[in-house]
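As a plain string of letters, each chain reads:
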Amino acid sequence: MRADSRSGRPPVRSRSRALSLTAGLAAVVMAVTACGGGGDNADGVVELRFSWWGSDERHTMTQEVIDLFEQQNPGIRIVGEYTDWASYWDKLATTTAAGDAPDIITQEERYLREYGERGALADLSELGGLDLSQIDPLVADSGDLDGATYGVATGVNAYAILADPQAFADAGVEMPDDDTWTWDDYVDIAAEISEKSDGEIVGTQSMGYNESGFAIFARQRGESLYNEDGSLGFSKETLEAWFQYTLDLMESGGQPGASESVEIEAGGPDQSVLSTNTGAMAHFWTNQLGAISSASGRDIQLLRYPGETEHDRTGMYFKPAMFYSVSADTEHPEEAAKFVDFLLNSEEAAAILLADRGLPANVSVRESIVDSLPEADARSAEFLSEIEDTIVDGNPPPPIGAGQVVDIIKRINDDLMFGEITPSEAADRFIEEVEAATGSA
């Protein structure tokens, strides 16, 4: 899976693809006939289609799980439909509009509302045979919309600071106390690393390319990126302060200049300052620790976000890595629910998938695989366990059109770094463009 450089999520679609998806889904309500996903074979076996995106490794592991499920449920056959991220949403929009969606659908938080509100997904709470009682309370309601459960989290991760202790040591700077450090501390430490290393090691890389960092920043101040109804949940003052910190980092030398930041961003995680041993800190998802540690050849550590004890509440949260959903048109909802239940609640399935779809959302299943996790994933699991008691709540599903927001914030961050706009103007533009994209104005 080709990941978005900061989010651990694949890159968002272009605006034209987003519009195409919306148009395609609108056709769902006008479909006269529904093919209903899978069907019955001549031998009486129920056939279900299951869609997902990702790498060849994910495909292989998922097929192993399917084989195991079929061994235990000989009356059900699962047909996998998988592709890369870029093709996945175009294909899903087309099949859904034609009434021929897969029976079990892998969803992502930015598009869950889009499918759920258009009637394309079944309410999982109404399907028999699906036990959701062991799902982590911090993500248990993350797929709920208007009283219906359109998705259940496959697993969890968190947005955090990844730090290279060797880079700190080489620069002669102590690692921060991530229980107490503030945003001013973060800027000062980044600048100190760059200064003491004579620019050989940069303190951090630009944090302005991903809205997830701002979501934490807003939550720390009692606000949110989105409200339950999909409207924006933050003030201009809070967003302006966020953009000011990103500008302070660049102007103090704590992060690379504008041109270099653009190049680093375009290179993805493999070209991050951590992966290339040229910097001390960066913002990533916990499930990216393994890949970045491997690329760097160093013992990269996870740190809490700055500012977690600076205000009345914390801002970090558990993000559903992705969701399992069931098509509203499936001809076999009971069998589809049985397969989703297996994916969520089977320790045997988890022993194969491990942390591929995030650390399992089922808390007891998660505990059962900890000792089998690769070293980096085990450290991620330990980190999530350490911060769990400090997390106040989760986030509602983003509004329709949220897939465009990463592109929006990247453009604005570039303009800010190149001096074309001020933090105040950046905040105005972000609010205007996101409201237009999501229809929340």
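Going by the annotation in an unreviewed UniProt entry, the name recorded for the protein is Carbohydrate ABC transporter substrate-binding protein, with Thermobifida halotolerans given as the source organism.

Peer 1: How would you explain the overall build of the protein if you had to name every residue and give the values?
Peer 2: When its secondary structure is counted, the protein shows 16 helices and 15 strands. Relative to its length of 441 residues, the protein is compact, with a C-alpha radius of gyration of 22 Å against a globular reference of 22 Å. Expressed along its principal axes, the backbone C-alpha trace of the protein runs to roughly 75 × 50 × 35 Å. Within the protein, the proportion of its 441 residues that are buried is 60%. Pairs at least 24 apart in sequence give 77% of the contacts found in the protein among residues at least 6 apart. If you sum the accessible surface of the protein, you get close to 16600 Å²; carbon and sulfur atoms cover 46% of it. Treating the 28 positive side-chain charges of the protein as one cloud and the 80 negative ones as another, the clouds have centres 5 Å apart.

Peer 1: Describe the domain arrangement of the protein, naming the residues involved and giving the relevant values.
Peer 2: What the domain assignment lists for the protein is domain 1 (46-155 + 320-382) and domain 2 (158-317 + 395-438). Domain 1 and domain 2 are separated by 30 Å when their C-alpha centres are compared. Opposite the twelve residues of domain 1 that make contact, domain 2 presents 18 residues. Carbon and sulfur atoms make up 53% of the area that domain 1 and domain 2 hide from each other, which totals about 1300 Å². Area buried by domain 1 at its contact with domain 2 is led by Arg110, Arg113 and Arg379, which between them contribute 46% of it. Along the contact surface separating domain 1 from domain 2 lie one salt bridge. Taken together, domain 1 and domain 2 are joined by five residue pairs in polar contact (both at pLDDT 80 or more). The greatest single-element share of the side of domain 1 that touches domain 2, amounting to five residues, is contributed by helix H4 (residues 109-116). The class makeup of the residues in the side of domain 1 that touches domain 2 is three nonpolar, two polar and seven charged.

Peer 1: Give a detailed account of the confidence of the model for the protein, specifying residues and quantitative values.
Peer 2: Across the protein, the average pLDDT comes to 90, with 90% of residues at or above 70. Every residue in residues 1-36 scores below 50 in pLDDT, and together they form 106 contacts with partners more than four places removed in sequence or on other chains.

Peer 1: So what's going on with the side chain of Ser206? Which residues, and what values?
Peer 2: By secondary structure assignment, the location of Ser206 is in the loop between strand S10 (202-204) and helix H7 (211-220). What makes Ser206 buried here is its relative accessible area of 4%. Here the side chain of Ser206 touches Gly208 through a polar contact of 3.2 Å, landing on its backbone nitrogen. Of the polar contacts made by the side chain of Ser206, one reaches the side chain of Asn413; its length is 3.2 Å.

Peer 1: Lay out the packing of aromatic side chains in plain terms, naming residues and giving numbers.
Peer 2: Tallied over the full model, the rule gives 28 aromatic pairs. Aromatic pair Trp53 and Trp89: ring centres 5.7 Å apart, planes at 45°, arrangement tilted. Of the two residues, Trp53 is situated in strand S2 (residues 46-53) and Trp89 in helix H3 (residues 85-97); the sequence distance between them amounts to 36 residues. Trp53 sits in the buried class, given a relative accessible area of 2%. Aromatic pair Trp183 and Tyr186: ring centres 5.8 Å apart, planes at 85°, arrangement edge-to-face. With Trp183 and Tyr186 both in helix H6 (residues 183-196) and three residues apart, the pair spans about one turn of that helix. The buried category is assigned to Tyr186, whose relative accessible area is 0%. An aromatic cluster is built from Tyr159, Trp181, Trp183, Tyr186, Phe214, Phe217, Phe234, Trp242, Tyr245, Trp285, Tyr305 and Phe430, whose rings are joined through pairwise contacts. The side chain of Arg221 reaches across the aromatic face of Phe217, ending 3.6 Å from its centre. Over the face of the ring belonging to Trp285 we find Lys319, whose NZ or CZ atom lies 5.7 Å from the ring centre.

Peer 1: Outline the nonpolar core, supporting the account with residue identities and numerical values.
Peer 2: Counting 114 residues, the largest nonpolar core has Met281 and Phe430 as the members making the most contacts within it. For this core, the two domains that each supply at least three residues are domain 1 (46-155 + 320-382) and domain 2 (158-317 + 395-438). Each residue touching Phe430, except ones within four places of it in the same chain, is listed here: Phe234, Leu239, Phe243, Val405, Ile408, Ile409 and Ile412. Ranked by size, the runner-up nonpolar core spans 18 residues in total, among them Trp53, Trp85, Trp89 and Leu145.

Peer 1: An account of H7 is requested, with residue identities and associated values reported.
Peer 2: Counted residue by residue, H7 has ten buried out of ten residues, so it is predominantly covered. In this structure, the buried side of H7 is in contact with strand S9 (159-163), H6, helix H8 (236-251), strand S11 (279-285) and helix H15 (405-417). The positive-phi residue at the C-terminal boundary of H7 is Gly222, with phi of around 75°.

Peer 1: Any details on the pairing of strand S14 (residues 323-326)? Residues and values, ideally.
Peer 2: In S14, alternate side chains face the same way, and those of Phe323 and Ser325 on one face and Tyr324 and Val326 on the other are all buried. Bridging between strand S4 (residues 104-107) and S14 involves four bridges; their strand directions are antiparallel. Directly across from Ile105, in S14, lies its bridge partner Ser325.

Peer 1: Residue-level account of unusual backbone geometry, with values.
Peer 2: The phi dihedral of Asp146 is positive, around 50°, even though this residue is not glycine. The exposure class of Asp146 is exposed, given its relative accessible area of 75%. Phi at Asn277 takes a positive value of approximately 60°, unusual for a residue other than glycine. With respect to the helices and strands, the residue Asn277 is situated in the loop between helix H9 (258-267) and S11.

Reading the values: rules and limits
Residues numbered from 1 in each chain as written. Predicted model: local features only at pLDDT ≥ 70, side-chain atom pairs only at ≥ 80, totals over all residues. Heavy atoms only, no water. Helix = DSSP H or I, 4+ residues; strand = E, 2+ residues; numbered from the N terminus. Rg over C-alpha atoms; globule rule 2.2 N^0.38 Å. Buried < 20%, exposed > 50% of the residue type's maximum accessible area, 1.4 Å probe, protein only. Contact = heavy atoms within 4.5 Å. Areas by Shrake-Rupley, 256 points an atom, 1.4 Å probe, with all protein chains shown as cover. Lys, Arg positive; Asp, Glu negative; His and termini not counted. Charge placed at Lys NZ, Arg CZ, Asp CG, Glu CD. Domains from an automatic or database assignment. Buried area = accessible area lost by both parts, 1.4 Å probe. Salt bridge = Lys/Arg side-chain N within 4 Å of Asp/Glu carboxyl O. Polar contact = N/O pair within 3.5 Å; in protein donor to acceptor, adjacent residues only side chain to side chain. Nonpolar A, V, L, I, M, F, W, Y, C, P; charged D, E, K, R; others polar. pLDDT = per-residue confidence, 0-100. Phe/Tyr/Trp six-rings, centres within 6.5 Å; stacked < 30°, edge-to-face > 60°. Lys NZ or Arg CZ within 6 Å of the ring centre and 35° of its normal. Core = buried A, V, L, I, M, F, W, Y, C linked by side-chain atoms within 4.5 Å. Pairing = 2+ DSSP bridges.

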